[in-house]
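Next come the chains, spelled out residue by residue.
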Amino acid sequence: MTIKFICLKCGKETDASIRYDNTLDCQIFTCQHCGAKHLEFSASRAPGGPLEIQFRLHED
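Values in this document were obtained by computation on a predicted structure and should not be read as measured data.

Asker: I tried to follow the side chain of aspartate 21 on my own but got confused; where do I start?
Answerer: Structurally, aspartate 21 is set in strand S3 (residues 19-21). Of the side chains with opposite charge, lysine 37 comes closest to the buried, unpaired aspartate 21, at an N-O distance of 4.6 Å. Looking at aspartate 21, its side chain comes within polar contact range of the main-chain nitrogen of threonine 23, at 2.9 Å. Apart from residues no more than four positions distant in its own chain, aspartate 21 is found in contact with Cys26 and Ile28.

Below you can see the structure in the form of structure tokens.
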């Protein structure tokens, strides 16, 4: 599934394909412009609402 996100490093809108990373044990996406890796740190769903996932930059 491809979704549009705003990169937290370069600030550009990027098409992101969210995938699960077994090593990091979380969902990740990579910015198509600068290559910054973003990690899921929070996921929540209000009753009857959509899933909301928050990401942070991965510190290499």
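Asker: Please explain the sheet that holds strand S6 (residues 51-57) as it appears in this structure.
Answerer: The strands making up a sheet are joined through hydrogen bonds of the backbone, oriented either antiparallel or parallel. Across the sheet, which stays open at both edges, the 4 strands sit in the order S3-S4-S5-S6 with antiparallel pairing between neighbours. Both outer strands of the open sheet, S3 and S6, are each paired with one neighbouring strand and no more. Strand-to-strand twist in this sheet, taken as the mean axis angle between neighbours without regard to direction, amounts to 45°. For strand S5 (residues 37-45) and S6, the ladder comprises 7 bridges, and the chain directions are antiparallel. Each residue of the ladder has a partner; that of glutamate 40, found in S6, is phenylalanine 55.

Cut-offs used in this document
- Residues numbered from 1 in each chain as written.
- Predicted model: local features only at pLDDT ≥ 70, side-chain atom pairs only at ≥ 80, totals over all residues.
- Heavy atoms only, no water.
- Helix = DSSP H or I, 4+ residues; strand = E, 2+ residues; numbered from the N terminus.
- Buried < 20%, exposed > 50% of the residue type's maximum accessible area, 1.4 Å probe, protein only.
- Lys, Arg positive; Asp, Glu negative; His and termini not counted.
- Salt bridge = Lys/Arg side-chain N within 4 Å of Asp/Glu carboxyl O.
- Polar contact = N/O pair within 3.5 Å; in protein donor to acceptor, adjacent residues only side chain to side chain.
- Contact = heavy atoms within 4.5 Å.
- Pairing = 2+ DSSP bridges.
- Axes fitted to C-alpha atoms, helices over the stretch in contact; angles between N-to-C directions.

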